[in-house]
Amino acid sequence: MQRIMIVGQPGSGKSTLARDMGRKTGLPVVHIDHIHWQPGWIERSRDDKTRLCHEVEAREAWIFEGGHSATWGNRLARADMLIWLDLPLPLRLWRVVKRTVVWNGRNRPDLPEGCPEGFHRETLPFWRFIWRTRHSARTNIQRLWDSAPEAKAKVRLTSPGQVRGFVAGFRP
């Protein structure tokens, strides 16, 4: 297993799972937020995000967590395993608020330098995005899940306990 694709909505624990899996496997971890954002919370162009995702996907080994659904088909084709973190909205919202407070003024490991967590111009739009896309994003992930070939290793986790159990029992 050389390439693991992790998807889920904001606050589902993608970054944490990717780091945990990276420690267990030794595979390099790629966070989509490093592709999406530049320092100062400046969003990259869609074309730049697509190009950077394809560069990562072409590598021999990775754990790639996150979105940019325009590249999901290619990523899924290259991945050995697809993991879907399908956790409930109230838990995800709580986690996003909690990390905003806990990391306030500092960079989380899954964000590029110069993008400190906190209450800034991107915070409320991001929270609105989580609420507004709660159904459509899940539907898109379900389509991705359903499109995965039968032979593809797939894991869908729907609770923090399942995630912990998966990580504890995972053997690279």
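See the structure shown above.
Residues numbered from 1 in each chain as written. Predicted model: local features only at pLDDT ≥ 70, side-chain atom pairs only at ≥ 80, totals over all residues. Heavy atoms only, no water.

(A) Representation of the environment of Trp84 in the model. By secondary structure assignment, the location of Trp84 is in strand E6 (residues 81-85). The sequence separation of Trp84 and Ser12 amounts to 72 residues, and the corresponding C-alpha distance is 9.3 Å. Setting aside anything within four residues of it in sequence, one finds Trp84 in contact with Val7, Gly8, Arg138, Ile141, Gln142, Trp145, Val155, Arg156 and Leu157. (Helix = DSSP H or I, 4+ residues; strand = E, 2+ residues; numbered from the N terminus. Contact = heavy atoms within 4.5 Å.)

(B) Fine view of the pattern of salt bridges. All told, the structure shown has 11 salt bridges when counted by the stated rule. A salt bridge links Arg19 to Asp110; its shortest N-O distance comes to 3.8 Å. Separated by 91 residues along the polypeptide, Arg19 in helix H1 (residues 14-25) and Asp110 in the loop between helix H5 (89-102) and helix H6 (123-132) bring together distant segments of the chain. Note that Glu57 and Arg75 form a salt bridge whose closest N and O atoms lie 3.1 Å from each other. Residue Glu57 is located in helix H3 (residues 46-57), and its partner Arg75 is located in helix H4 (residues 72-78); the two are separated by 18 residues in the primary sequence. A single burial state applies to Glu57 and to Arg75, both of which are buried. (Salt bridge = Lys/Arg side-chain N within 4 Å of Asp/Glu carboxyl O. Buried < 20%, exposed > 50% of the residue type's maximum accessible area, 1.4 Å probe, protein only.)

(C) How the structure looks around unusual backbone geometry. Even without glycine at this site, Trp41 takes up a positive phi of about 60°. Turning to its location among the elements, Trp41 is positioned in the loop between strand E3 (37-38) and strand E4 (42-43). Trp41 gets classed as buried once you look at its relative accessible area, which sits at 12%. The backbone phi angle of His68 is positive, close to 60°, even though this residue is not glycine. Accessibility expressed as a relative area gives 14% for His68, which makes it buried.

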